[in-house]
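Single-letter residue listing:
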Amino acid sequence: QLHLVESGGGLVQPGGSLRLSCAASGFTLDYYALGWFRQAPGKEREGVSCISSSGDSTYYADSVKGRFTISEDYSKNTVYLQMNNLKPEDTAVYYCAGMTKAALRAGCSPASYWGQGTQVTVSS
C-alpha cells in the first residue's frame, strides 16, 4: 500500500554534491520509517540511511557518516538525502525504501517497500 518514487540522481565529479528526493503515498504512513539503500554492480544492496516519520530518529551507515544527511518533510510525504563530498565508491543505484520503525533501529533492514531506483555516478 506504500508507493515510492525517487529522483535526483545523475553524474557528478568527486567532491561534488547531489540531493535525492523520495515522494511517498499510501495508507498509514506514520507506521513506516523511510530511507535509502544502494547497490553497485556485483555487490549486495546495503542500507545507507533511514529516518522515522517524525524525524526524531535516524541511522547512517559508517561509510557515509559526516557526508550524507537524511531529512523529511512530513507535510509533503517526502524524504531527502543530501550527499556531499561524493566519492567514486558512492557510485550505485540508490533506492528509496519503506520499513517498520523496528527496522530503523536495526540498520534499516528489512525493508518492505521499494522505489524503482535512481542512478548516481561519481566520476571525473
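Residues numbered from 1 in each chain as written. Predicted model: local features only at pLDDT ≥ 70, side-chain atom pairs only at ≥ 80, totals over all residues. Heavy atoms only, no water.

Enquirer: Can you walk me through the sheet that holds strand β1 (residues 2-7) in this structure?
Expert: Sheet strands pair by backbone hydrogen bonding; their relative direction is either parallel or antiparallel. Read across the open sheet, the 4 strands follow the order β1-β3-β8-β7; overall the sheet is antiparallel. The open sheet has two edge strands, β1 and β7 (68-73), and neither has a second partner. For this sheet the average axis-to-axis angle between neighbouring strands, irrespective of direction, equals 20°. Note: β1 against strand β3 (residues 18-26), 6 bridges, orientation antiparallel. Residue pairing in the sheet places His3 in a bridge with Ser25 of β3. (Pairing = 2+ DSSP bridges. Helix = DSSP H or I, 4+ residues; strand = E, 2+ residues; numbered from the N terminus. Axes fitted to C-alpha atoms, helices over the stretch in contact; angles between N-to-C directions.)

Enquirer: Explanation requested: the nonpolar core in the structure shown.
Expert: Inside soluble globular proteins, nonpolar side chains tend to come together where they are buried. In terms of nonpolar packing, the biggest core is built from 27 residues, with Trp36, Phe68, Val79, Leu81, Met83 and Tyr94 touching the most fellow members. If you list the elements that add at least two residues to this core, you get β1, β3, β4 (32-39), β5 (46-52), β7, β8 (78-83), β9 (92-100) and β11 (118-122). When residues in this core are grouped by element, the largest group, 4 residues, is from β3. (Core = buried A, V, L, I, M, F, W, Y, C linked by side-chain atoms within 4.5 Å. Buried < 20%, exposed > 50% of the residue type's maximum accessible area, 1.4 Å probe, protein only.)

Enquirer: For this particular structure, what's the right way to read the state of the cysteines?
Expert: Formally, a disulfide is one covalent bond, and it connects the sulfur atom of one cysteine to the sulfur atom of another. Overall, the coordinates contain 2 disulfides when judged by the stated rule. Between the sulfur atoms of Cys22 and its disulfide partner Cys96 the distance amounts to 1.9 Å. Disulfide Cys22 to Cys96: torsion about the S-S bond roughly -80°, handedness left-handed. With Cys22 in strand β3 and Cys96 in strand β9, this residue pair connects regions lying 74 residues apart in the sequence. Taking relative accessible area as the criterion, Cys96 reaches 0% and is therefore assigned buried. Each sulfur of the disulfide joining Cys50 and Cys108 lies 2.0 Å from the other. (Disulfide = S-S within 2.5 Å.)

Enquirer: Explain the packing of aromatic side chains here, please?
Expert: Within a pair of aromatic rings, the relevant descriptors are the distance that separates the centres and the angle that separates the planes. Under the defined criterion, the tally for this structure stands at 2 aromatic pairs. Pairing Phe37 with Trp114 gives two aromatic rings, centres 5.0 Å apart and planes at 70°, and the pair type is edge-to-face. Here Trp114 lies in strand β10 (residues 113-114) and Phe37 lies in strand β4, a separation of 77 residues in the sequence. Residue classification places Phe37 among the buried residues on the basis of a relative accessible area of 4%. By relative accessible area, which is 33% here, Trp114 ends up partly exposed. (Phe/Tyr/Trp six-rings, centres within 6.5 Å; stacked < 30°, edge-to-face > 60°.)

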